[in-house]
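Chain and residue survey
Residue-level listing of the chains:
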Amino acid sequence: MTPMTLTPEQHEFRRVLRQFCEDKIAPLAAGIDERAEYSWEAFELLKMMELPALQLPAEYGGSGAELVTQAIAVEELARVCASTSLTFLISKLGMLPVLNFGSEDLKRKYVPKIASGAMQASYCLSEADAGSDVAAMKTRAVRDGDSYVISGTKSWITNAGISDLYLIFAKTDPPAGHRGISAFVVERDWGVQVTKLEHKMGVKGSPTGQLLLDEVRVPAAADLLAHIRVRPTGLWRGGDVAPGRRRGPRVDGSEGADADRIDWPIVLEERDRSGY
């Protein structure tokens, strides 16, 4: 295997960021862990260095850094404060489905705000009885005129109560099993409630919690989620198909009647438990 060699620019980025982390983030780390509270001071420092933009495309206000540079940033932040490194990471995860499958209107509405640090995002897939078996999720999204009404509970959500946007997975067609799961961008102010925060052994400055959606009404306008059907490639067994996991999905945009959601099946029925 050929060893990875950093470019001169990446070495300089590491040097500058390490100095920043040691000078600005490290003095906060012990207090963050002791108080077990999210550090807005640390997040403001990340914004000062324009780090929220690092992982996002330039066309939507990001820096467009490649993955090695992103990894360097995570390493240097985690070297002094694990909680702050997770603060840096989580919004990209929340935006990946939007970047990969969302409408252009949706990308332009939300991604620049994530890149500037004006907003943060969370990825909300797991439920108490639906961890790896996401097809067992009970959260429902029911069409009601020009809206969807979402009801259910999400568990172990990183940045719960801090994020402004929540990427919520919900069943729109329960009889279809894993093929009836959709995803919605839900703004916190639309009615997302945090009903529990976990007491953790570590990474205490990154809140992990339970969300309740009690008939939260989500507009079905085209400036939310473009409806894109995603089919499994059929080239592998085991695991689920979601942004960033294993092989990429095949997109078929032919079904465009509901211009508000993203559907992608979760492949579970052929799970190879011995190898996953």
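See above for the structure.
Residues numbered from 1 in each chain as written. Predicted model: local features only at pLDDT ≥ 70, side-chain atom pairs only at ≥ 80, totals over all residues. Heavy atoms only, no water.

**So, empty space enclosed by the protein**
Keep this limit in mind: The definitions used throughout rest on a 1 Å grid laid over the protein atoms alone, on which a cavity is an enclosed set of points accommodating a 1.4 Å probe that cannot get out and a pocket is an open set flanked by protein within 12 Å on both sides along at least five of seven lines; lining residues are those having an atom within 4 Å of a point. Grid points are joined across faces, edges and corners, and a volume is the space filled by probe spheres set on the points. Helix and strand assignments follow DSSP, with helices taken as H or I runs no shorter than four residues and strands as E runs no shorter than two, numbered in order from the N terminus. Residue type decides the class: Asp, Glu, Lys and Arg count as charged, Ala, Val, Leu, Ile, Met, Phe, Trp, Tyr, Cys and Pro as nonpolar, and the leftover types, Gly among them, as polar.
Scanning all chains against the criterion turns up two cavities of 30 Å³ or more. In this structure, the largest cavity encloses a volume near 110 Å³. Lining the largest cavity are Phe43, Leu46, Pro52, Gln55, Leu56, Thr87, Phe88, Ser91, Lys92, Ile114, Met119 and Gln120. Only α2 (40-48) and α4 (82-101) provide two or more residues apiece to the lining of the largest cavity. Among the elements that make up the lining of the largest cavity, the one with the highest residue count is α4 (four residues). When its residues are assigned to classes, the lining of the largest cavity shows seven nonpolar, four polar and one charged. For the second largest cavity, the full set of lining residues is Ile32, Tyr38, Ser39, Ala42, Ser83, Thr84, Thr87 and Gly205. Of all the elements, α4 adds the most residues to the lining of the second largest cavity, at three residues.

**Let's talk about the pattern of salt bridges**
Where charged atoms from two side chains of opposite charge come close, those side chains can pair. The line we're drawing: We define a salt bridge as a contact between a side-chain nitrogen of Lys or Arg and a carboxyl oxygen of Asp or Glu at a distance within 4 Å. Relative accessible area decides the class of each residue, using a 1.4 Å probe on protein chains only: under 20% of the type maximum gives buried, over 50% gives exposed, and in between gives partly exposed.
Inspection of every chain in the model, using the stated rule, returns 13 salt bridges. Among the salt bridges present, the one from Glu12 reaches Arg15, with a minimum N-O distance of 2.7 Å. One end of the pair, Glu12, and the other, Arg15, are both in helix α1 (residues 8-35), three residues apart, so they sit about a helical turn from each other. For Glu12, a relative accessible area of 39% corresponds to the partly exposed category. Among the salt bridges present, the one from Glu76 reaches Arg18, with a minimum N-O distance of 2.8 Å. Linking Glu76 in helix α3 (residues 67-80) with Arg18 in helix α1, this pair joins segments that are 58 residues apart in sequence. Since its relative accessible area comes to 1%, Glu76 is described here as buried. Bridged by salt links that share partners, the residues Arg14, Arg18, Glu75 and Glu76 form one connected network.

**Side note on the layout of surface pockets**
Any empty space left between atoms is shown by rolling a water-sized probe over those atoms. Its boundaries defined by the atoms lining it, the largest pocket holds a volume of some 200 Å³. Ala36, Leu197, Glu198, Lys204 and Pro207 are the residues nearest the centre of the largest pocket, which is lined by 13 residues in total. When grouped by side-chain class, the residues that make up the lining of the largest pocket number five nonpolar, four polar and four charged.

**So, α4**
Basically, it comes down to this: Between the first and last residue of a helix there are one fewer steps than residues, each counted as 1.5 Å, and that sum is the expected span. The angle separating two fitted axes, one through the seven residues that finish at a residue and one through the seven that start at it, defines the bend at that residue.
With 20 residues, α4 ought to run about 28 Å at 1.5 Å a step, and its terminal C-alpha atoms sit 30 Å apart, in line with that. Taking the largest bend as the criterion, α4 deviates by roughly 40°, centred on Met95, and proline Pro97 comes between one and four positions later. Of all 20 residues in α4, 14 are buried; the element is thus mostly enclosed.

**A short note on the nonpolar core**
Let me state the cut-off plainly: Think of a nonpolar core as a cluster: buried Ala, Val, Leu, Ile, Met, Phe, Trp, Tyr and Cys residues, connected wherever their side-chain atoms sit within 4.5 Å. Contacts are assigned to residue pairs with any non-hydrogen atoms lying within 4.5 Å of each other.
Ranked by size, the top nonpolar core spans 24 residues in total, and within it Met95, Leu165 and Phe169 carry the most contacts. Contributing elements (two or more residues each) for this core: α4, α5 (104-116), β1 (121-124), β4 (165-171) and β5 (181-187). Per-element tally for this core: the top contributor is α5, with five residues. Dropping the residues within four chain positions of it, Leu165 is found in contact with Met95, Tyr110, Ile114, Met119, Gln120, Ala121, Ser122, Val185, Val186 and Glu187. Membership of the second largest hydrophobic core comes to 21 residues, among which are Leu17, Ile32, Leu46 and Cys81.

**Observations concerning a nonpolar patch on the surface**
Quick reminder of the rule: In this scheme, patches are assembled from residues that exceed 30% relative accessible area and form no salt bridge. Like charges are connected within 9 Å, while nonpolar side chains (Val, Leu, Ile, Met, Phe, Trp, Tyr) are connected within 5 Å. Per-residue and other accessible areas follow the Shrake-Rupley method at a 1.4 Å probe size, with only the shown protein chains counted as cover for residues.
There is a patch of nonpolar side chains on the surface, built from Val16, Met48 and Met49 and spanning about 250 Å² of accessible area. As for its placement among the helices and strands, Met49 is situated in the loop between α2 and α3.

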